[in-house]
Amino acid sequence: FEPMESGGINANWHVWTRCGEFVLRLDQRAGLGRELGVDRAREFTLHGAAAAAGLAPPLLATAEDLRWTIRAFIRGRVWTATDFEHPSQLQRLGARLAVLHALPAPALQRFDPLALVERYAAQLSAANAALRATLDADIARCRSLLDAAGSTARAPAIVHSDLHARNLVDDGQLWLLDWEYAQVGDPLCDLGGLIAHHPPLGVRGAELLEFAGLSGVATPAELEALAGVYRLINSFWQRCAWGS
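Note that the structure is predicted; figures quoted are calculated from it, not measured.

**So, the sheet that holds strand β6 (residues 77-78)**
Strand pairing in a sheet is mediated by backbone hydrogen bonds. Such pairs are either parallel or antiparallel. On the basis of which strands lie adjacent, the open sheet formed by three strands has the order β6-β8-β9 and antiparallel pairing. A strand with exactly one partner marks an edge of an open sheet, and here the two such strands are β6 and β9 (174-176). Summarising the sheet, β6 and strand β8 (residues 168-170) pair through two bridges and their orientation is antiparallel. The partner of R77 across the bridge, within β8, is D170. Packing of helix α3 (residues 87-102) onto the sheet brings it into contact with β6, β8 and β9, and relative to β9 it is tilted by some 50°.

Structural data, given as structure tokens:
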């Protein structure tokens, strides 16, 4: 057993056995995860769909309550921000996202980013009532950005919703890891979240849309608006997760 990097909600372990190499994930802060929007049943369903399409490593075993999972270990290279500087790498990622977004979306409630921001704001204001006015301004900004993004006009798709370099592993095939925040929602969410995590990509919106097959249904301006929504989500997540 060897500990692996994690986002703070789970404990991840790289496990060597005579049967092969695996990743064991232990949900050690389930209460906090639920407060932050983690839904293990939804994750299990969407991860399973992505794994069946060859986009994610399959789950090999799970606890009945999904408090632990085991998947195969992918012996590949974790992407870094440098990968996003190369058009060929962005094209590979876009192709994978196009496959993901083309999968049949299960009958799950559509992701509402504004509801998530309001949920985070309620947690923060409960801890510090003096923040309420600032949080209300952030909620209003989120609503305005969502209107500018035109999210409700696009057909729902399975979205990873937490794309950044550390969740991409390359062994010749590009794998998408960590499906905790996967949703059924606007396919533009994946590119918006990617830009929020890696700001230099903001000037390459048209390129990203083309590579992901979304240039016909969204504009760079709409993508930038949704990236702004994800900047708010990420900021609120950090404050709720770490109490800062």
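**Details of the pattern of salt bridges**
By the definition in use, this model includes 14 salt bridges. Where R75 meets E21, a salt bridge forms, and the shortest distance between an N and an O atom there is 2.5 Å. Remark: E21 occurs in strand β3 (residues 20-27) and R75 occurs in the loop between β5 (68-72) and β6; sequence separation between them is 54 residues. For E224, the salt bridge identified is with R231, shortest N-O distance 3.0 Å. Of the residues examined, E224 reaches a relative accessible area of 35% and is grouped as partly exposed. Salt bridges sharing partners connect three or more residues here, namely R25, D27, R40, E43 and E180.

Here is what the cut-offs are and how they apply
Residues numbered from 1 in each chain as written. Predicted model: local features only at pLDDT ≥ 70, side-chain atom pairs only at ≥ 80, totals over all residues. Heavy atoms only, no water. Pairing = 2+ DSSP bridges. Helix = DSSP H or I, 4+ residues; strand = E, 2+ residues; numbered from the N terminus. Contact = heavy atoms within 4.5 Å. Axes fitted to C-alpha atoms, helices over the stretch in contact; angles between N-to-C directions. Salt bridge = Lys/Arg side-chain N within 4 Å of Asp/Glu carboxyl O. Buried < 20%, exposed > 50% of the residue type's maximum accessible area, 1.4 Å probe, protein only.

Read these as geometric descriptors, not functional statements.
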